[in-house]
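Examining the three-dimensional arrangement
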Amino acid sequence: METKGLDHTELANQIIDVIVKEGMVDREKATLDATIESLDLKSIDIVMILTAIEDKFDVYIPMDGPFHEARNIGDLVDAIAAYVGKEKN
Amino acid sequence: MADARRIVVTGMGAVSAAGIGAPALWQAARDGRSCVGEARFARPYRGRIRIAAQVQEFDPASYLTAIELPFCDPVTQYLLVAADEAVAQAGLAFAKPMGPRTATIIGTGVGGMHTMENSLYLTLVEQGRPDPLAIPRHIASAGPSQASIRFGSTGPCFAVASACSSATQAIGMGAHLIRSGFVDRAIVGGTEDCITNSTMLAWEALRVLTPDTCRPFSKNRNGMVIGAGAAVFILEEAELARARGAEALAEIAGYGTSADAKDPVRPDAQGAAACMRHALADAAVEGEEIDYVNAHGTGTTSNDATEAEALRLVFGNRLSNLPVSSTKPIHGHALGAAGALELVVTIGAVRENVAPPTINWREADAKCPVDAVPNVARPMPIHTALTNSFAFGGINASLVVRRAEAA
């Protein structure tokens with residue numbers, strides 16, 4: 001098994017799965033360009049998503065990351081993927 | 001409220017990370033000396049964030065008797081030590097019992113958290129016999145109850161539990177009970193110590209704690225630092241205080257409180273602004289009369305930007321010239337006790353004409369357009385000040401503090 005493990009698309013899909021479950025949003029609405037506002041994701045939803053990501057990937061995501069600047073699901077996935085990738089490497 | 005009964009503070013006391021005593025707390029805040037350090041825990045700690053403004057080197061047996069101690073969680077210990085200081089300064093040490101015209105109202109977010117955690121560990125993990133005094137020790141009202149017993153204050157006695165607005169609401173309620181004539185004197189304040197294994201882990205999980213440095217209103221701030229302690233004030237009707245020759249340290253001129261009625265965790269500028277406006281109206285002062293604001297200023301991205309927006313709604317263009325500082329990087333965010341510790345600081349600012357600094361401030365944030373008194377205390381005339389507390393659940397509370405008129 002390679003240390004890098006997942007490719008980006010697969011990782012993005014797994015992250016979106018978590019966003020859908022923890023953020024309680026419809027899967028079909030959770031596209032990469034869907035804004036956080038349009039999905040009504042609040043800061044506490046982001047906290048729940050990050051916590052679930054930590055559990056799922058066994059990583060630590062500090063709260064001083066770029067999450068406050070994330071505008072859409074794509075930004076959020078990129079921000080999270082950066083930490084998952086970092087720790088896996 | 002020109003013809004209304006006025007309320008003065010005749011004594012205050014504190015236990016905090018700065019040590020024992022209100023002067024120690026005020027001096028640390030004024031001098032910008034942070035009391036944040038490595039936290040100590042009762043059991044091995046697995047959290048990533050280990051800094052806090054903890055009460056350390058505090059020996060309760062130096063202050064309380066062997067009969068009192070089994071009933072006292074650390075929050076009650078801090079409270080009684082702070083209350084003894086306040087009562088002594090008010091010149092009431094020999095006025096016991098204080099009787100039915102004295103209220104005892106103390107804010108706490110949780111109550112005896114150390115006792116609760118120890119009880120759960122003992123009964124669930126160790127399968128041990130429960131401590132029969134665990135419940136009288138951990139209930140949120142243990143603090144005000146023990147204080148009423150200590151001082152013989154047989155008037156209204158209750159705890160206020162509104163998370164981080166608890167102490168400010170307790171102080172405001174005490175002031176209003178005096179103003180309405182329900183009582184003549186009130187022992188008020190707040191106490192908290194949630195620096196325990198489980199609570200610190202839970203705060204870390206909320207992602208609002210800074211892993212390194214608390215820098216309110218500064219760009220790239222990354223969270224708050226938890227504090228602990230207690231502060232107590234003796235409030236009295238001004239004429240009665242004067243008649244017995246007590247010195248007024250400051251006047252509690254107004255109190256405001258509001259609920260956002262919106263979100264359990266996300267602060268709201270409209271709700272906070274309404275709260276400050278209520279406090280100004282209650283004190284019958286205009287925004288222009290406020291010389292200094294001791295902000296809630298937790299150092300989280302969300303609170304500071306929202307509080308700055310709320311201040312803009314209340315003070316308008318004047319905001320850029322209004323000193324607004326947060327002293328939380330010094331004494332930590334003491335949660336249910338926060339408003340009490342910060343009232344000690346606010347009264348210090350009014351009495352010494354010094355705006356205490358927001359330490360650790362590095363760079364202006366466009367989302368926080370306030371004069372944060374960065375890093376260095378500012379001597380300036382302070383006649384009237386505002387102090388804010390905002391809580392999870394959207395509960396807001398503010399007090400207007402005025403320099404006491406010369407007798």
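**As for the overall build of chain A**
A tally of helices and strands in chain A yields three helices and zero strands. Taken from the N to the C terminus, the helices and strands of chain A come in the order α-α-α. Going through the 89 residues of chain A one by one, you find that 26% of them count as buried. A separation of at least 24 residues holds for 66% of the contacts in chain A among residues at least 6 apart in sequence.

**Comments concerning the overall build of chain B**
Secondary structure summary: chain B contains 12 helices and 15 strands in total. Computed over the C-alpha atoms, the radius of gyration of chain B is 20 Å, within 12% of the 22 Å expected from 2.2 N^0.38 for a compact globule of 407 residues. Seen along its three principal axes, the alpha-carbon backbone of chain B occupies a region of about 60 × 50 × 40 Å. Split into buried and exposed, the 407 residues of chain B put 59% on the buried side.

**Some thoughts on the interface of chain B and chain A**
The partner chain A presents 11 residues to the 12 residues of chain B that form the contact. Residue composition of the side of chain B that touches chain A, grouped by class: four nonpolar, four polar and four charged.

**Side note on the domain arrangement of chain B**
All names here are of chain B. Along its sequence, chain B is carved into domain 1 (7-250) and domain 2 (254-402). Look at where the C-alpha atoms of domain 1 and domain 2 centre, and you get two points 20 Å apart. Across the contact, 62 residues belong to domain 1 and 61 residues belong to domain 2. Tallying contributions element by element places helix H6 (residues 166-179) first for the side of domain 1 that touches domain 2, with eight residues.

**Some thoughts on the environment of B:Ser119**
Residues and elements named next belong to chain B. If you trace the backbone, Ser119 turns up in helix H3 (residues 113-125). When the C-alpha positions of Ser119 and Asp131 are compared, they lie 7.3 Å apart, and in sequence the two are 12 residues distant. Beyond its immediate sequence surroundings of up to four residues, Ser119 is in contact with Pro130, Asp131 and Ala134.

**Quick word on the environment of B:Asp193**
Along the polypeptide, B:Asp193 turns up in the loop between strand S7 (185-192) and helix H7 (197-205). Every residue in contact with B:Asp193, bar those within four places of it in the chain, is listed here: B:Val55, B:Pro74, B:Val75, B:Met113, B:His114 and B:Ala228.

**Some words on helix H1 (residues 22-31) of chain B**
All names here are of chain B. Every buried residue belonging to H1 is among Ala22, Leu25, Trp26, Ala28 and Ala29, and all of these are buried. Buried residues along H1 cover an arc of 160° about the axis, so they all sit on one side. One or two steps after H1, the chain reaches Gly32, where phi turns positive at roughly 65°.

**Description of the confidence of the model for chain A**
Low-confidence regions, as indicated by low pLDDT, have predicted coordinates that should not be scrutinised in detail. Averaged over all residues, the pLDDT of chain A is 82; the fraction at 70 or higher stands at 84%. Taking the mean pLDDT of every element in chain A, the minimum, 80, falls on helix H3 (residues 73-88) of chain A and the maximum, 90, on helix H1 (residues 8-22) of chain A.

**What about the nonpolar core?**
Side chains of a nonpolar character, in soluble globular proteins, are inclined to be buried together. Formed by 136 residues in total, the largest nonpolar core has its most connected members in B:Ala82, B:Ala230, B:Ala231 and B:Val344. Here B:Ala231 is in contact with B:Met12, B:Gly13, B:Ala14, B:Ala22, B:Ala82, B:Gly189, B:Gly190, B:Ala337, B:Ala340, B:Leu341, B:Leu343 and B:Val344, once residues within four sequence places are set aside. Counting residues in each nonpolar core, the second largest holds 20 residues, with A:Ile19, A:Leu50, A:Val77 and A:Val84 among its members.

**Regarding the packing of helix H9 (residues 269-283) of chain B against helix H10 (residues 301-315) of chain B**
Two numbers describe a pair of packed helices, the interaxial angle and the distance between the axes. Residue and element names in this part refer to chain B. Interhelical geometry of H9 versus H10 gives an angle of 50° and a closest axis separation of 8 Å. Classed by the angle they form, the pair H9 and H10 counts as oblique. Pair H9 / H10 crosses with right-handed handedness. Residues Ala269, Ala272, Ala273, Met276 and Arg277 of H9 touch H10, and the partners they reach there are Thr306, Glu307, Glu309, Ala310, Leu313 and Val314. Here the residues of the contact of H9 with H10 sort into seven nonpolar, one polar and three charged.

**Observations regarding H1(A)**
Residues and elements named next belong to chain A. For H1, built from 15 residues, the straight-helix expectation of 21 Å at 1.5 Å per residue is met to within 8% by its first-to-last C-alpha distance of 21 Å. Among all positions in H1, only Ile15, Ile16, Val18 and Ile19 are buried. Mapping the buried residues of H1 onto a view down its axis gives an arc of 155°, with all of them on the same face. Exposed positions of H1 whose direction lies more than 90 degrees from the buried face are Thr9, Glu10 and Asn13. A positive phi of about 50° marks Met24, the residue just after H1.

**So, the pairing of strand S14 (residues 384-391) of chain B**
All names here are of chain B. Counting buried positions along S14 gives eight out of eight residues, so the element sits mostly inside the fold. By the alternation rule, side chains of S14 split into Thr384, Leu386, Asn388 and Phe390 and Ala385, Thr387, Ser389 and Ala391, which are all buried. Looking at chain direction, strand S10 (residues 292-294) and S14 are connected through three bridges and run parallel. Residue pairing in the sheet places Tyr292 in a bridge with Ala385 of S14. Sheet topology note: the S14/strand S15 (residues 395-402) ladder contains eight bridges and is antiparallel.

**Comments concerning the packing of helix H2 (residues 74-89) of chain B against helix H5 (residues 142-151) of chain B**
All names here are of chain B. In the contact formed by H2 and H5, the axes pass within 9 Å of each other and the chain directions differ by 40°. Taken together, H2 and H5 sit at an angle that is classed as oblique. Remark: the crossing between H2 and H5 carries right-handed chirality. Contact residues: H2 offers Val75, Thr76, Leu79, Leu80, Ala83 and Val87, while H5 offers Ala142, Gly143, Gln146, Ala147, Arg150 and Phe151. Of the residues that constitute the contact of H2 with H5, the class distribution is eight nonpolar, three polar and one charged.

**Remarks on unusual backbone geometry**
Phi is positive for A:Met24, which is not a glycine, with a value near 50°. For A:Met24, the location among the structural elements is in the loop between H1 and helix H2 (43-57). Given 12 C-beta atoms within a 10 Å radius, A:Met24 is considered exposed. Unusually for a residue other than glycine, B:Asn360 sits at a positive phi of about 70°. Along the polypeptide, B:Asn360 turns up in the loop between strand S12 (354-355) and strand S13 (378-379).

Cut-offs used in this document
Residues numbered from 1 in each chain as written. Chains lettered and ligands numbered in written order. Predicted model: local features only at pLDDT ≥ 70, side-chain atom pairs only at ≥ 80, totals over all residues. Helix = DSSP H or I, 4+ residues; strand = E, 2+ residues; numbered from the N terminus. Buried ≥ 20, exposed ≤ 12 C-beta atoms within 10 Å, placed from the backbone. Contact = placed C-beta atoms within 7 Å. Rg over C-alpha atoms; globule rule 2.2 N^0.38 Å. Nonpolar A, V, L, I, M, F, W, Y, C, P; charged D, E, K, R; others polar. Domains from an automatic or database assignment. Arc of directions from axis to C-beta. pLDDT = per-residue confidence, 0-100. Core = buried A, V, L, I, M, F, W, Y, C linked by C-beta atoms within 7 Å. Axes fitted to C-alpha atoms, helices over the stretch in contact; angles between N-to-C directions. Parallel < 35°, antiparallel > 145°, perpendicular 65-115°, else oblique. Left-handed = near helix turned anticlockwise from the far one by under 90°. Expected span 1.5 Å × (residues − 1). Pairing = 2+ DSSP bridges.

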